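Tertiary structure, described
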Amino acid sequence: MEPDVSMENSCMIRIAVLSIGPVPTGLLRDYHAMLLRHRTISLSAISSFYVEHQKSPFANQPWDTGSLRFKFVLGGAPPSPWEDFQSNRKILAVIGICHCPSSPDLESVADQFGAICKSYTSSLVQRCFAFCPCDSHLEDGEKKGNNIILFPPADRQTQEFHLQTMMQDIAASLLMEFEKWVLRAESAGTILKTPLDSQANLSSEEVIKAKKRRLARAQKTIGDYCLLAGSPVDANAHYSTALELARLTADYFWFAGALEGSVCALLIDHMDQRDAVLEDEVRNRYNNVILHYRKSSIQDNPQRVSPLSFELEAILKLARFLCRRELTKEVVDLLTNAADGAKSLIDASDRLILYIEIARLYGTLGHQRKAAFFSRQVAQLYMQQENRLAATSAMQVLSMTTKAYRIQSRASILKQSHSNETVPGHADSGKFHHHSVVSLFESQWSTLQMVVLREILLSAVRAGDPLAAWSAAARLLRSYYPLITPAGQNGLASALANSAERLPSGTRCADPALPFIRLHSFPLHSSHMDIVKCNPAREDWWAGSAPSGPFIYTPFSKGEPNDSSKQELIWIVGEPVQVLVELANPCAFDLRVDSIYLSVHSGNFDAFPISADLPPNSSQIITLSGIPTSAGPVVILGCIIHCFGVITEQLFRDVDNLLLGAAQGLVISDPFRSCGSPRLRNVSVPNISAVPPLPLLVSHVIGGDGAIILYEGEICNVWINLSNAGTVQVEQVHISLSGKNQDSVLSVTYETLQSALPLKPGAEVTIPVTLKAWHLGLMDPDAAAGKSASSSMGRNLKDGSSPSLLIHYAGPLTISADSEIKESAVPAGRRLFLPLQISVLQGLSLVKARLLSMEIPAHIGDSLPRPVNKEATATNEVAVCESKIDKLMKIDPYRGSWGLRFLELELSNPTDVVFEISVSVQLEKSSNEDNLSVDEYDYPKTRIDRDYSARVLIPLEHFKLPILDGSFFSKDLQSDGSAGARNSIFSEKNTKAELNASIKNLISRIKVRWQSGRNSFGELNIKDAIQAALQTSIMDILLPDPLTFGFRLTRSGFQNSAESDLPKQSNIQVHPSSPKNHVIAHDITPIEVLVCNNTKERIKMSLSITCRDVAGENCAEGDKATVLWAGVLSGIVLEVPPLQEIKHCFSLFFLVPGEYTLVAESLIDDANDILRARARTLSPDEPIFCYSPPFHVHVVGTA
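Residues numbered from 1 in each chain as written. Predicted model: local features only at pLDDT ≥ 70, side-chain atom pairs only at ≥ 80, totals over all residues. Heavy atoms only, no water.

Some words on the overall build of the protein
Going by this rule: Helix and strand definitions here come from DSSP, where helices need a minimum of 4 consecutive H or I residues and strands a minimum of 2 consecutive E residues; each element is numbered from the N-terminal end. A simple rule labels every residue: compare its accessible area, found with a 1.4 Å probe on the protein chains alone, to the largest value its type can have, and call it buried under 20%, exposed over 50%, or partly exposed in between. Any two residues whose heavy atoms approach within 4.5 Å at even a single point are treated as in contact. The Shrake-Rupley method, run with a 1.4 Å probe, gives the accessible areas here. Residue values count only the displayed protein chains as cover.
For the protein, the helix and strand inventory stands at 27 helices and 47 strands. Within the span of the protein, comprising 1199 residues, buried residues form 48% of the whole. A sequence separation of at least 24 residues applies to 79% of the contacts in the protein between residues at least 6 apart. As presented, the protein carries roughly 57700 Å² of accessible surface, and 52% of it is formed by carbon and sulfur atoms.

Now the structure itself:
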């Protein structure tokens, strides 16, 4: 049998292509490829070389459309015993290939070519093509005759044209030789024999039968030459004659041959006109051919030579002709019959060729598994020959079956995918589909796949290909370790080691062995490595920046939604990074990994290799590291492993597919679960981008990075050291706060850090930060007693109660002009997240706060205290009171008694340390430039021992407002009631807001500080307690009365208005028993009452004055009056200007010594909203009275 048989083979002229002398292999292939371009020579192109010596036997030669077809047999072929039966099996021409530089002696070449041509007795034309001759060769070549043709050195196009001319000459010579042979055969006849013909002495009947058959055979052979000459019409005429004669002589074998030739002639004559009718005709004829070949094999054959191979060839030809999807069933039936006939073939080479052809046809139909089955039959026949070349052929054939069995080498997969589409990058490295998993893993094929891989391994070992053997053993061990016994696993490990010993060091293989590798995680960046976007166009360049985390959705996001489900990761050029991977060894032997490192295909990353040892059936998580070397995307697809002496690459995507197949039951086992590793979620490789180098600030707290343990309200200073560990200097920096309890950071000396800029690489700066511990709430876990400082710190860090410093910093905020990538053109900075690890312990606790009030009666005298400063009229008098009493309280000069209000704080010390409490009050005073300044007054300290309580009194009289102004109340009050419900709601809200603001202002000016030891000090949080205590009395504390009254003695008569101005003395005496304040009985005592308007509105009123005795009775009226008076004491109509005072004078004559009390009372006419709000009236018609406190008068006798 012959390979590559088809129905058109009968018209192919076989030409042996032989190398004459040494010819380099590459050049021989190149020359052979040049010849293959001229497999078809049209008859019209050879007319210039054709010479008709006598009338051509090819009467119907199609000179315009016909052609000669060549089949070049590189290396030649031995003569076939069936050459007389099928003329196309003859070698009809010989072409020698000579390389002149390798064979400089042309005479020797000519002799060698002539000797070779003698072995091809059927050849009609011989030519030797000598390439690259020198000048001497060109001179000698003319003497060597026409058989040696020199191809002078020239360009490829010129040589192609020269070769085309020579092939046309060969075609013309062959056509003329065919004419001679046909003419000679028609005139003289010829004897044609096949191995089927008997060589013994013929009987008379056999001689007669042979003479009759000779004519039919001659006509069939002439038809063959007509086909070779490109004349299908003439060939068909001779085939028809041969068929008639062969039918008469029952020569079934030659009848089938002539019928085959007629089909070829039919196809050549209708080359471009294939249709259903033609196809049916060909099918019918070839079925007849197969039938007659079968008949000839049934006949008695004394030579015991079977024509079965021709029957099988005819079946293959028909199957190839019909081979397409629509006729699959018919073709499969034909191939099944051919496969059954292979059992009867005696020659193993015939079976080999038959299986090869069947496998090819099944592959053409798309039946890959059947094609793989017959390919395995071919490999088994090769392996039976037990030689290296046959083993190599078997290995190659088995390698072609790996795709059908889903065990192909990754190198073939990559080669196929590269021819179809580009290799997927990191953007889709994590994607896989269900159908691909099903096609890759089919557990029901496990046994068959193992057998095929074992056959590949054996053939590779026999062929001496250690790399192929290593690849087969690696695939077998990696994919089917659960089905292999421990002894078999150790045997495969030995095979891998033995193959690696025969390979050069550093050999790479596309198929990985062990261990299994999967991506575990990307370690989180340190808090000082967060990357943010910078906006150099804005003054606040850090605004809107978001840290990388390490994961962000886009490297420099502008807030747009990201459609990609993959995360993105930012790495910095020159800074080491880490990736965690997990290794698994599910086999029963110790595994040594010589080196493993990340596989980065982008070329901008230096990976650091490490080694690992894995015990049997174990897994291990390792850290792989490296450094980005240039800006751009970083593509990490897997790991490079040096194990079993060979370097391989394992892709994370393949392991993900493997684990998915194991989860769906498509794969035998999960190697990580079999090693005891817990099930992990699928981790995909993020989109990684490397950006240019950035500065890197590293921080540490001087004195230790542990938690700062503080009591509630404690104030301390912390020094933070910042050093630039990067390669770029810090030029921009900004400090802000984040997290809870931000108000606990009292101050950060930002100027110190700003003055150190630019902070060069390696430089450092220390900045102080002032902290104040916050107040623990009722639900705070640290509020419970008995908690240690370390546990408090852990809880504080866990619940995020500590504040943090956010330090945004960057290098030069300039866009590089030669940026290679888009991302590098965007300025990038960093954010240092520095948590202030504060552990707050419970300190002093405020048990309760309450408001206390008391009255100290004032005695009437001839002078008044200095009044409150209302306007700028008294700004020239700026004197700080130094007396103790004035530090404690501020007395209303018109009150007849000292109304003192104290805030009492009850403090408890549940700790094991001693506290000293000090109270200070901030008071405002006027400066010469009408600006307010603040003085702070401290009160004596109070000591609180462990487990004890103490009370602290805070006077509140200093906080009374000087003026009753409408700004304290709502500005939306309407006296006519026209605002409606909405305005009343707003008025109520504004009143509450003003009230709360006043309370906060009062509280902020009271400081309760504590100290414990030398270095521990702080401030007590009394805000909530004071606010609760003052909520109902704040108006009485802060707001003055609309009208205030004062009484003064005028011993020397009524004083003029100039003398009645405010006295220069700014304080009153605490002891009211001073002699100059006594009133003598039985003496006229001039007295004046002063009425002060504390509002900004004019007030009209009716004033009345009452004098009472110790029993509280009015002693100036009635029958038992003890006091006589001169002037007006009731119904006094007065109008007091805004923020001013008026006087009313009268005289009293005391008849009886003793203690008396003067009280002033006024009824305000036409009160405005401010007065009604201060008086808390319920209706607009309710009268408003103002009373003075009682002023005491001490009357002594005359004795």
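Moving on, there is more to tell.
Things to note about the nonpolar core
The cut-off we apply is this: Nine residue types can take part in a nonpolar core, namely buried Ala, Val, Leu, Ile, Met, Phe, Trp, Tyr and Cys, and a core is a set of them joined through side-chain atoms within 4.5 Å.
Counting residues in each nonpolar core, the largest one holds 188 residues, and the members touching the most others are F70, F129, M167, W571, V581 and F644. Top contributing element to this core by residue count: helix α4 (residues 156-188), with 13 residues. In contact with V581, not counting residues within four places along its chain, are I517, R518, L519, H520, Q620, I621, I622, L624, C639 and F652. I1132, L1134, Y1156 and F1191 belong to the second largest nonpolar core, which has 36 residues in total.

Looking at the pattern of salt bridges
We count it as follows: For this analysis, a salt bridge means a side-chain nitrogen from Lys or Arg found within 4 Å of a carboxyl oxygen belonging to Asp or Glu.
According to the stated counting rule, one finds 35 salt bridges in the structure shown. One salt bridge in this structure joins D251 and R217, with 3.0 Å as the shortest N-O distance. Placement of the pair is D251 in the loop between α6 (232-248) and α7 (252-269) and R217 in helix α5 (residues 204-228), with a sequence separation of 34 residues. A relative accessible area of 8% places R217 in the buried class. A single salt-bridge network, built from bridges that share partners, covers E279, D280, R283, R324, E326 and E330.

With respect to the packing of helix α9 (residues 308-322) against helix α11 (residues 348-365)
Counted only if it meets this: What counts as an axis is a line fitted to C-alpha atoms, over the stretch in contact for a helix, and the angles between N-to-C directions run from 0 to 180 degrees. For classification purposes, angles smaller than 35 degrees are called roughly parallel, those larger than 145 roughly antiparallel, those between 65 and 115 roughly perpendicular, and all remaining angles oblique. By the definition used in this description, the sense in which the near helix is turned from the far one sets the handedness, with an anticlockwise turn below a right angle giving left-handed and a clockwise turn giving right-handed. Lys, Arg, Asp and Glu make up the charged group, whereas Ala, Val, Leu, Ile, Met, Phe, Trp, Tyr, Cys and Pro make up the nonpolar group; the residues left over, Gly among them, are polar.
Look at α9 against α11: their axes get within 11 Å of each other, and the N-to-C directions meet at 10°. The orientation of α9 relative to α11 falls into the category roughly parallel. For the pair α9 and α11, the sense of crossing is left-handed. Taking contact as the criterion, the partners of S309, L312, L316, A319 and R320 in α9 are, on α11, D350, L354, E357, I358 and L361. Its residues assigned to classes, the contact of α9 with α11 shows six nonpolar, one polar and three charged.

Some remarks on the sheet that holds strand β19 (residues 646-651)
Put simply, the test is: Should DSSP find at least two bridges between two strands, the strands are taken to pair.
As summarised here, the arrangement of the five strands in space is β7-β19-β18-β13-β15, forming an open sheet in which the pairing is mixed. Among the strands making up the open sheet, the edge pair consists of β7 (508-509) and β15 (610-614). Relative to β19, strand β18 (residues 636-643) is paired through six bridges, and the arrangement is antiparallel. Residue pairing for β19: I641 is matched across the bridge by T648.

So, the environment of E179
What counts here: Identification of polar contacts relies on pairs of N or O atoms within 3.5 Å, with a donor-acceptor requirement for protein atoms, meaning one able to donate a hydrogen and the other able to accept it, and with residues adjacent in sequence counted only if both atoms are side-chain atoms.
With respect to the helices and strands, the residue E179 is situated in helix α4. Residues E179 and P57, 122 residues apart in the sequence, show an inter-C-alpha distance of 6.2 Å. In this structure E179 touches Y50, S56, P57 and F58, once residues within four positions along its chain are discounted. A polar side-chain atom of E179 sits 2.4 Å from a polar atom in the side chain of Y50.

Topic: the confidence of the model for the protein
Spelled out, the test is: A residue's pLDDT is simply how confident the predictor is in it, with values from 0 to 100.
Averaged over the protein, the pLDDT score is 79; the fraction of residues at 70 or greater is 77%. Low pLDDT (under 50) marks residues 865-888, which in the prediction has 40 contacts with non-local residues, meaning those over four places away or in another chain.

Examining the sheet that holds strand β9 (residues 530-533)
The antiparallel open sheet is built from four strands, whose spatial order is β9-β28-β27-β24. Across the chains shown, the open sheet's two edge strands, defined by having one partner strand only, are β9 and β24 (732-738). In this sheet, adjacent strand axes meet at a mean angle of 30° when their direction is disregarded. The pairing of β24 with strand β27 (residues 804-810) spans seven bridges and is classified as antiparallel.

A short note on unusual backbone geometry
In the segment running from L514 into P515, the intervening peptide bond is cis, with an omega of 0°. You can see P515 is positioned in the loop between β7 and β8 (516-521). Across the junction of L757 and P758, the peptide omega takes the value -10°, indicating a cis bond. Position of P758 relative to the elements: it lies in the loop between α21 (750-755) and β26 (764-772). A positive phi angle, close to 55°, is found at A250, a residue other than glycine. Tracing the backbone shows A250 in the loop between α6 and α7. Judged by relative accessible area, A250 falls into the partly exposed class, the value being 26%. Unlike most non-glycine residues, E386 shows phi in positive territory, near 55°.

A short note on the environment of L192
For L192, the position within the fold is in the loop between α4 and α5. Each residue touching L192, except ones within four places of it in the same chain, is listed here: D84, D197, R217, A218, T221 and W254.

Looking at α11
Rules: In this scheme, a helix's expected span is set at 1.5 Å multiplied by one less than its residue total.
An ideal rise of 1.5 Å per residue puts 26 Å on 18 residues; α11 measures up with 26 Å between its terminal C-alpha atoms. Every buried residue of α11 is listed here: D350, L352, I353, L354, Y355, E357, I358, A359, L361, Y362 and L365. G366 lies just past α11 and shows a positive phi near 95°.

What to know about the packing of helix α16 (residues 446-463) against helix α17 (residues 466-480)
Two elements in contact, α16 and α17, have axes separated by 8 Å at closest approach and are oriented at 160°. In terms of their interaxial angle, α16 and α17 are classed as roughly antiparallel. Viewed along their axes, α16 and α17 form a crossing whose handedness is left-handed. Of the residues in α17, those touching α16 at S446, Q449, M450, L453, I456, L457, A460 and V461 are A468, A469, A472, A473, R475, L476 and Y480. Per-class residue counts for the contact of α16 with α17 are 12 nonpolar, two polar and one charged.

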